[in-house]
Amino acid sequence: MKIGPTRGRDDEIIANPFATVVEIRKRRKVFVYEKSPELWNGCTVFFYHGAGGLHTHFQHQLSHLQALNYRTVAFDMFGHGHHHAHTQEGRGDGAEGAPATQPQHTRFDYTFEQFCYDALALFDRYTVSHDNILVGHSYGTSLCTLVCHERSTKIRKMVLMSGGGPYALLPDSVSLFCLPSRLLTCLKPLILTVFKRVTWYKRPKTKLHDAELLSVNLRVLKYIMKGQVWADGDEAYHSSINCPVLLLVGKHDKFIQVSDEIAMNLILPQSVLHILEGGHMVPLECHSDVNRLITSFINSDIPTHIENNRDTVFDKSKVSEEEVEVYVNKSV
């Protein structure tokens with residue numbers, strides 16, 4: 001079923017002239033960063049970050065594409081980053097003192113379905129032509145895929161980084177985030193330390209504060225992990241994507257397996273996969289390679305390499321260790 005266009009309202013301008021807090025849907029304000037170059041080439045690039053992240057994780061891609069005269073639109077997901085100033089959850093883990101008039105948000109506000117409506121609302125609000133490119137990282141790749149599917153006539157190409165395989169999303173049922181919220185709060189220093197170790201393969205020169213690497217409190221992140229349900233996002237759904245797709249993944253990613261990215265590459269009708277010498281945060285760790293590959297991808301044609309068949313079902317077991325090694329050796 002197609003989801004109709006949506007519009008936001010009540011913009012609230014903040015300090016950065018390119019930054020706005022926008023109510024894209026009722027009771028859902030998000031931080032939006034939009035910049036149009038003086039010599040705009042007519043194409044807009046939309047950026048969707050991962051769970052717990054920020055739009056600044058794309059800082060190198062934003063500046064690179066702006067220099068090439070692309071209009072860029074990025075945002076912080078609901079409950080993330082600058083949105084902390086507008087939610088009680090954003091005041092910290094269990095912090096008191098939130099305004100009495102502030103609306104209360106529940107776990108149902110952080111489901112994948114709600115983030116999908118936000119992603120579509122952002123696209124509908126800021127798209128001005130039929131020439132658009134989507135860029136997603138981690139959790140944001142699923143949002144990009146849905147937007148591409150629902151607004152296919154307006155999408156030219158798509159870039160998916162560290163997104164994983166073409167499989168339906170399931171709630172996080174056996175992990176650290178199944179612990180009670182109060183216990184997670186007590187363990188926060190330890191969780192942050194471990195998270196930083198597994199996120200990076202090589203630390204970028206640009207120093208990130210803890211609040212930039214993990215921009216939500218642990219209770220909200222728990223809601224997100226428990227609410228990531230997308231039964232429709234299976235192999236058949238991904239095989240129906242009809243635009244060229246660039247897939248990027250870190251060889252040393254501890255969250256995403258290279259075999260899953262190979263599976264995605266085999267399912268998508270028009271895609272190319274590059275495996276980079278990095279971890280999960282390839283937009284920051286491998287930004288030079290990422291920028292070069294995105295530029296090349298935008299300016300080139302990607303041939304169709306499989307039959308577009310909605311009934312295609314990929315057998316992950318067919319991806320052998322030898323095939324993974326071949327992909328790794330032929331990539332950047």
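Our structure's up above, just so we're on the same page.
Residues numbered from 1 in each chain as written. Predicted model: local features only at pLDDT ≥ 70, side-chain atom pairs only at ≥ 80, totals over all residues. Heavy atoms only, no water.

A. Focus on the overall build of the chain. Per the secondary structure count, the chain includes 12 helices and 9 strands. In the chain, buried positions account for 53% of the 332 residues. Within the chain, counting contacts between residues at least 6 apart in sequence, those at least 24 apart form 79% of the total. Carbon together with sulfur atoms contributes 53% to the accessible area of the chain, which is approximately 15,200 Å² in total. (Helix = DSSP H or I, 4+ residues; strand = E, 2+ residues; numbered from the N terminus. Buried < 20%, exposed > 50% of the residue type's maximum accessible area, 1.4 Å probe, protein only. Contact = heavy atoms within 4.5 Å. Areas by Shrake-Rupley, 256 points an atom, 1.4 Å probe, with all protein chains shown as cover.)

B. Up close: the packing of helix α2 (residues 112–126) against helix α3 (residues 139–150). The N-to-C vectors of α2 and α3 enclose an angle of 60°; their axes lie 10 Å apart at closest approach. By the angle class used here, α2 and α3 are oblique. Taken as a pair, α2 and α3 cross one another with a handedness that is right-handed. Contacts between α2 and α3 pair Phe112, Phe115, Cys116, Ala119, Leu120 and Phe123 from the former with Tyr139, Ser142, Leu143, Leu146, Val147 and Glu150 from the latter. Within the contact of α2 with α3, the residues separate by chemical class into 10 nonpolar, 1 polar and 1 charged. (Axes fitted to C-alpha atoms, helices over the stretch in contact; angles between N-to-C directions. Parallel < 35°, antiparallel > 145°, perpendicular 65-115°, else oblique. Left-handed = near helix turned anticlockwise from the far one by under 90°. Nonpolar A, V, L, I, M, F, W, Y, C, P; charged D, E, K, R; others polar.)

C. Geometry of the nonpolar core. Counting residues in each nonpolar core, the largest one holds 55 residues, and the members touching the most others are Tyr48, Leu134, Leu143 and Met158. Of all the elements, α2 adds the most residues to this core, at 9 residues. Not counting residues up to four positions away in its chain, the partners in contact with Leu134 are Phe46, Tyr48, Phe123, Cys144, Val147, Cys148, Ile155, Lys157, Met158 and Val159. By size, the runner-up hydrophobic cluster in this structure holds 26 residues, among which are Phe31, Val45, Val135 and Val282. (Core = buried A, V, L, I, M, F, W, Y, C linked by side-chain atoms within 4.5 Å.)

D. Examining helix α11 (residues 287–298) more closely. Here α11 spans 16 Å end to end across 12 residues, near enough to the 16 Å set by a 1.5 Å rise per residue. Of the residues making up α11, those classed as buried are Val290, Asn291, Leu293, Ile294, Thr295, Phe297 and Ile298. Buried residues along α11 sit against α1 (59–67), β6 (132–137), β7 (155–161), β8 (245–250), β9 (271–276) and α10 (282–285). (Expected span 1.5 Å × (residues − 1).)

E. Quick look at the pairing of strand β2 (residues 19–25). Counting buried positions along β2 gives 6 out of 7 residues, so the element sits mostly inside the fold. Relative to strand β3 (residues 28–35), β2 runs antiparallel, the two being bridged by 6 bridges. Pairing of Glu23 across the sheet is with Lys29, part of β3. As consecutive antiparallel partners, β2 and β3 are separated by 2 residues, and within that stretch Arg27 has a phi angle of approximately 65°, a positive value. (Pairing = 2+ DSSP bridges.)

F. The arrangement of the packing of aromatic side chains in detail. Tallying each qualifying case throughout the model produces 10 aromatic pairs. Centre to centre, the rings of Tyr48 and Phe75 are 5.6 Å apart; their planes meet at 80°, and the pair counts as edge-to-face. In this pair, Tyr48 sits in strand β4 (residues 44–48) while Phe75 sits in strand β5 (residues 71–76), placing the two residues 27 residues apart along the sequence. A residue is classified by how much of its surface remains accessible, and Phe75, at 2% relative accessible area, is buried. Aromatic side chains Phe115 and Tyr139 sit 6.0 Å apart centroid to centroid with 85° between the ring planes, which places their arrangement in the edge-to-face category. Of the two residues, Phe115 sits in helix α2 while Tyr139 sits in helix α3, which places them 24 residues apart along the sequence. The two residues Phe115 and Tyr139 agree in class, both being buried. Pairwise contacts between aromatic rings join Phe78, Tyr110, Phe112, Phe115, Tyr139, Tyr223, Trp230 and Tyr237 into one cluster. Lying across the ring of Phe78, Arg28 places its NZ or CZ 4.0 Å from the centre. (Phe/Tyr/Trp six-rings, centres within 6.5 Å; stacked < 30°, edge-to-face > 60°. Lys NZ or Arg CZ within 6 Å of the ring centre and 35° of its normal.)

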